[in-house]
Amino acid sequence: MSLRRAFPVLRSALSRRAPLSTAPATREQHAAGLEAVRGRGAAEDARPPVPAVDFGNTQEAYRSRRSWELARSLLVLRLCASPALLARHEQLLRLARRLLGQRLFDRLMKMTFYGQFVAGEDQESIRPLIQHNRAFGVGSILDYGVEEDLTPEEAEREEMESCTSASERDGHGTRKREKQFQAHRAFGDRRDGVVSTRTYFYASEAKCDSHMETFLRCIEASGGASEDGFSAIKLTALGRPQFLLQFSDVLTKWRRFFHQMAAEQGKAGLAAVDTKLEVAALQESVVKMGIASRMEIENWFTVETLGVSGTLDLLDWGSLIDSRTELSRHLVVPNMQTGQLEPLLSRFTEEEERQMTRMLQRMDVLAKKASEVGVRLMVDAEQTYFQPAISRLTLEMQRRFNVERPLIFNTYQCYLKDTYDNVTLDVELARREGWCFGAKLVRGAYMAQERARALEIGYEDPINPTYEATNAMYHRCLNYVLEELKHNAGAAVMVASHNEDTVRFTLCRMEELGLHPADCQVYFGQLLGMCDQISFPLGQAGYPVYKYVPYGPVMEVLPYLSRRALENSGVMKGAQREWQLLWQELKRRLRTGSLFHRPA
């Protein structure tokens, strides 16, 4: 089976939606959007003013925390700042477990690292913390933090087996995929260099079903915990990553082919959303390359598919790859090394077809459950060699489920050079097709790994060159989305950031654009145990803000805790602000006799 047939499978597994339309939104859709904006404007007079948010007021920031919790945070964050301890933290944990025994070791962890970053062992035990945070205006995004404790060798073996197709194992097909989208043994353990996210390795279809059941329980618990809940999923947990690699390779080659044609027409360097090909010139180029005859090509680009403009943009181009026309059998692209035309689409065995279908079905089950219980579903971003496929599959879910409100949120990693292009294209696609855009903006979790892989394997580094460039990218993307929210009451964004300057920037732009917290279009997110001085002042001022809340048995979340410690080492080296605020509040309580403060 070829990847060409993956698109019909995708459509049948995820939805029975209308064909892709690249025409501008209809007058009725525009009218509906304008009515929503007018309704929002009419209600503004009745809204209370938004309280000022002061991230430096420690009394308010830590009003929800007992003094012993502040002391624990000070201890844990200080330990995270010690390079000597971090370099040996795994050995120290094993030694402590041997000396103390399992029961005392568990108690020690719950008093320190586990208690700081993990809510509890199961959904029942985490309920008090969720209710406590909610009382102070902070919601929860549940995350079952259990990971398999694989050795690097075991992780490498599972990754290589699951990222290689049957034809590649037989010695065929690998060379047709670009280097970036091939499995490489040196980077088989995807946990290496990743400090802030959970990593899944494919073991079997039964294991993927188990992951799906875990996600379902988190969605149900989120629905029961609040009326405005979120849950997060990873697509690498739901199926064989081979399909994400192959699909990403196809999408990347197809987009690159578009830009090659644009360069031939003298349109290189334009913004992705503004680049348009002249159809007549494109037809001539395709004929010269020998891809198809002139008569066949004329049938691809018709008034029905492209309108009467005589031009074709990147969204039109993307729609051709899953066209139900004869075009699909002609999908070839030039190999830039050999100069030869090569098939864009590869083939699957029957077993691989079944596995791919199951992956899509699992996605559909999760989206349906989220829709039933009223929980927004955030699809996490992953490595760049998986991400084009993840984003495309997420868009397919958004087309079906984001009809009335943004239920499915795609994640954009702003440390990538092409993030702004991807954000603007997806916003434009949502406008044209009339569904609700939903995005989560993050800086990114895989920088060290991505840079090392690109250098070792020999492809362009996808990461912005500096931290400042990443900040600029984040603010540029965020500003674009906030501008869209001003004119489109159906769109929403999650600002997932621990950066105080970014949060201040967001609040400032919201005020300038007239976006009220009560509109619930702009959400904020931070990790449990980090940056309470941002989360709780936002929640107490009425802004929708959430904590990622991991849970699970002590021994099974140790890999997660190791990454939290490593991530905090980077945070503490770069800024002492959180530690200083915690110490300032603890001293204030000592000075004022409120050391036994009880949150109320």
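Because the structure is a prediction, the values reported are computed rather than measured. (Residues numbered from 1 in each chain as written. Predicted model: local features only at pLDDT ≥ 70, side-chain atom pairs only at ≥ 80, totals over all residues. Heavy atoms only, no water.)

**Looking at the overall build of the protein**
So, point 1. In terms of helices and strands, the protein carries 25 helices and twelve strands.
So, point 2. By the burial criterion, 55% of the 600 residues in the protein qualify as buried.
So, point 3. Pairs at least 24 apart in sequence give 80% of the contacts found in the protein among residues at least 6 apart.
So, point 4. When the accessible surface of the protein is totalled, it reaches about 26600 Å², and 53% of it is carbon and sulfur. (Helix = DSSP H or I, 4+ residues; strand = E, 2+ residues; numbered from the N terminus. Buried < 20%, exposed > 50% of the residue type's maximum accessible area, 1.4 Å probe, protein only. Contact = heavy atoms within 4.5 Å. Areas by Shrake-Rupley, 256 points an atom, 1.4 Å probe, with all protein chains shown as cover.)

**Focus: the confidence of the model for the protein**
Should the pLDDT be low somewhere, the predicted coordinates at that spot are not to be read in detail.
So, point 1. Per-chain confidence: the protein averages 83 in pLDDT, with 82% of residues scoring 70 or above.
So, point 2. Between the elements of the protein, mean pLDDT differs from a low of 46, seen in helix H2 (residues 27-43), to a high of 98, seen in strand E9 (residues 438-442).
So, point 3. The low-confidence segment residues 323-330 (pLDDT under 50) makes 14 contacts with residues lying over four places distant or belonging to another chain. (pLDDT = per-residue confidence, 0-100.)

**Comments concerning the packing of aromatic side chains**
Aromatic rings in a pair are described by how distant their centres are and how their planes are angled relative to each other.
So, point 1. This model, assessed by the stated rule, comprises 15 aromatic pairs.
So, point 2. Where Phe-257 meets Trp-317, the ring centres are 5.7 Å apart and the plane angle is 70 degrees; that geometry is what we call edge-to-face. Taken as a pair, Phe-257 in helix H12 (residues 241-264) and Trp-317 in helix H16 (residues 314-320) lie far apart in primary sequence, 60 residues in all. Just as Phe-257 is buried, Trp-317 falls in that class too.
So, point 3. Seen in terms of ring centroids, Tyr-523 and Tyr-546 are 6.2 Å apart; in terms of plane orientation they differ by 55 degrees. Their pairing is tilted. You can see Tyr-523 sitting in strand E11 (residues 522-527) and its partner Tyr-546 sitting in strand E12 (residues 545-551), a full 23 residues away along the chain. For the pair Tyr-523 and Tyr-546, one class covers both residues: buried.
So, point 4. Here a set of aromatic residues connected by ring pairs shows up, and it is made of Phe-230, Phe-409, Tyr-523 and Tyr-546.
So, point 5. Between the NZ or CZ atom of Arg-376 and the centre of the ring of Phe-230, over which it lies, the distance is 4.1 Å.
So, point 6. Note that Arg-443 overlies the ring of Tyr-474, its terminal NZ or CZ placed 4.5 Å from the centroid. (Phe/Tyr/Trp six-rings, centres within 6.5 Å; stacked < 30°, edge-to-face > 60°. Lys NZ or Arg CZ within 6 Å of the ring centre and 35° of its normal.)

**Quick word on the pattern of salt bridges**
So, point 1. Scanning the model with the defined rule gives 36 salt bridges in all.
So, point 2. One salt bridge connects Lys-369 with Glu-372, and the closest N-O pair in it is separated by 3.6 Å. Within this pair, Lys-369 and its partner Glu-372 are both found in helix H17 (residues 350-373), separated by three residues, close to a single helical turn.
So, point 3. Residue Glu-372 is classed as exposed on the basis of its relative accessible area, which comes to 62%.
So, point 4. We note a salt bridge from Glu-512 to Arg-509, for which the minimum N-O separation is 2.5 Å. In this pair, Glu-512 and Arg-509 are both assigned in helix H22 (residues 500-513), three residues apart and thus about one turn of the helix distant.
So, point 5. Look at the salt bridges and you will find they share partners, linking Lys-276, Asp-313, Asp-316, Glu-428, Arg-431, Arg-432 and Glu-484 into a network. (Salt bridge = Lys/Arg side-chain N within 4 Å of Asp/Glu carboxyl O.)

**As for a nonpolar patch on the surface**
So, point 1. A contiguous nonpolar patch, built from Leu-85, Leu-92, Leu-95, Leu-99, Leu-100, Leu-104 and Leu-108 and spanning about 590 Å² of accessible area, is present on the exposed surface.
So, point 2. By residue number, the principal contributor to the nonpolar patch is helix H6 (residues 89-111), which donates six residues.
So, point 3. One can find Leu-99 in helix H6.
So, point 4. Leu-99 sits in the exposed class, given a relative accessible area of 67%. (Patch = residues over 30% accessible without salt bridge, like charges linked within 9 Å, V, L, I, M, F, W, Y side chains within 5 Å.)

**Some thoughts on the packing of H12 against helix H13 (residues 279-289)**
So, point 1. It is at 11 Å that the axes of H12 and H13 come closest, and there the two elements cross at 110 degrees. What the angle tells us is that H12 and H13 run roughly perpendicular. Taken as a pair, H12 and H13 cross one another with a handedness that is right-handed. Of H13, the residues touching H12 (which contributes Phe-257, Met-261 and Glu-264) are Leu-282, Ser-285 and Met-289.
So, point 2. Split into classes, the residues belonging to the contact of H12 with H13 amount to four nonpolar, one polar and one charged. (Axes fitted to C-alpha atoms, helices over the stretch in contact; angles between N-to-C directions. Parallel < 35°, antiparallel > 145°, perpendicular 65-115°, else oblique. Left-handed = near helix turned anticlockwise from the far one by under 90°. Nonpolar A, V, L, I, M, F, W, Y, C, P; charged D, E, K, R; others polar.)

**Describing the sheet that holds E9**
So, point 1. The parallel closed barrel is built from eight strands, whose spatial order is E1-E2-E7-E8-E9-E10-E11-E12. Looking at each pair of strands side by side, their axes are set apart by 30 degrees on average, direction ignored.
So, point 2. Inspection of the sheet shows strand E7 (residues 376-379) paired to strand E8 (residues 408-413) by three bridges, in the parallel sense. Directly across from Val-379, in E8, lies its bridge partner Asn-410. (Pairing = 2+ DSSP bridges.)

**A closer look at unusual backbone geometry**
So, point 1. Of note in the backbone geometry, Cys-520 takes a positive phi value of approximately 50 degrees without being a glycine.
So, point 2. Within the secondary structure, Cys-520 sits in the loop between H22 and E11.
So, point 3. Of note, Cys-531 is a non-glycine position whose phi angle comes to about 55 degrees, a positive value.
So, point 4. Turning to its location among the elements, Cys-531 is positioned in the loop between E11 and helix H23 (532-540).

**Considering the side chain of Ser-535**
So, point 1. Considering the arrangement of structural elements, one finds Ser-535 in helix H23.
So, point 2. On the basis of relative accessibility, which here comes to 0%, the residue Ser-535 falls in the buried class.
So, point 3. Those residues in contact with Ser-535, other than ones at most four positions away along the chain, are Val-138, Gln-526, Met-530, Val-545 and Lys-547.

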